[in-house]
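# Fold and contact review
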Amino acid sequence: MSLTCQVQVVLNNISKEKAETVKKALEPDNVDFPEGLSLYVENVDNKLVFNFESKKNMKQIIGTIDEVLEHVQVALKVIE
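Residues numbered from 1 in each chain as written. Predicted model: local features only at pLDDT ≥ 70, side-chain atom pairs only at ≥ 80, totals over all residues. Heavy atoms only, no water.

## Structural notes on the sheet that holds strand S2 (residues 37-44)
One open sheet holds the three strands; their spatial order is S1-S3-S2, and the pairing between them is antiparallel. Two strands bound the open sheet, and with one partner strand each, they are strand S1 (5-11) and S2. Put simply, the sheet's adjacent strands are angled 15° from each other on average, direction ignored. Direction of pairing for S1 relative to strand S3 (residues 47-54): antiparallel, over a ladder of seven bridges. Across the sheet, residue Val9 finds its bridge partner in S3, namely Phe50. Lying over the sheet, helix H1 (residues 16-26) contacts S2 and S3, oriented at roughly 160° with respect to S2. Lying on the sheet, helix H2 (residues 58-79) is in contact with S1, S2 and S3; it crosses S3 at an angle near 155°. (Pairing = 2+ DSSP bridges. Helix = DSSP H or I, 4+ residues; strand = E, 2+ residues; numbered from the N terminus. Axes fitted to C-alpha atoms, helices over the stretch in contact; angles between N-to-C directions. Contact = heavy atoms within 4.5 Å.)

Here is the structure:
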């Protein structure tokens, strides 16, 4: 039996320009993701939506979410 964990994180009330800048800032980190782990980022209205999925290690997805949110925080501070 294999478990799949899906987590969605939504940043509300973010302009499309800021959302696109944050999304582009994360692109280098979205390369060479560990096997079984994925991240899809999309702009929806005034939201930036992060969709994480793990098919292996649940601790790994928690660490990845933490790391991505740290990078988002840094990117938002830089562009403000």
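## As for H1
Taken residue by residue, H1 has Ala19, Val22 and Leu26 as its buried positions. Down the axis, H1 shows its buried residues gathered within 65° of arc, on one side only. The exposed set on the far side of H1, more than 90 degrees from its buried face, consists of Lys16, Glu17 and Lys24. Turning to H1, the residues buried within the fold contact S2, S3 and H2. (Buried < 20%, exposed > 50% of the residue type's maximum accessible area, 1.4 Å probe, protein only. Arc of directions from axis to C-beta.)

## Section: the packing of H1 against H2
Between H1 and H2, the shortest axis-to-axis distance is 10 Å and the interhelical angle comes to 130°. For the element pair H1 / H2, the angle class is oblique. The way H1 lies across H2 gives a crossing that is right-handed. Where H1 approaches H2, its residues Lys18, Thr21, Val22, Ala25 and Leu26 are matched on the opposing element by Val68, His71, Val72, Ala75, Leu76 and Ile79. Of the residues assigned to the contact of H1 with H2, the class counts are eight nonpolar, two polar and one charged. (Parallel < 35°, antiparallel > 145°, perpendicular 65-115°, else oblique. Left-handed = near helix turned anticlockwise from the far one by under 90°. Nonpolar A, V, L, I, M, F, W, Y, C, P; charged D, E, K, R; others polar.)

## Structural notes on the side chain of Thr64
Within the secondary structure, Thr64 sits in helix H2. A relative accessible area of 14% means that Thr64 is categorised as buried.

## Digging into the side chain of Glu53
Relative to the elements of secondary structure, Glu53 occurs in strand S3. At a separation of 2.7 Å, a polar atom in the side chain of Glu53 contacts the side chain of Gln6. Those residues in contact with Glu53 that sit more than four places away from it in its chain are Thr4, Cys5, Gln6, Gly36, Leu37, Ser38 and Ile61. (Polar contact = N/O pair within 3.5 Å; in protein donor to acceptor, adjacent residues only side chain to side chain.)

## Notes on the pattern of salt bridges
Evaluated as defined, the whole model comprises three salt bridges. In this structure, Lys18 engages Glu80 in a salt bridge whose closest nitrogen and oxygen atoms are separated by 3.5 Å. Pair noted here: Lys18 is in helix H1 and Glu80 is in the segment after H2, with a separation of 62 residues, a long-range link. Between Lys56 and Glu35 there is a salt bridge, with the nearest N and O atoms lying 3.7 Å from each other. (Salt bridge = Lys/Arg side-chain N within 4 Å of Asp/Glu carboxyl O.)

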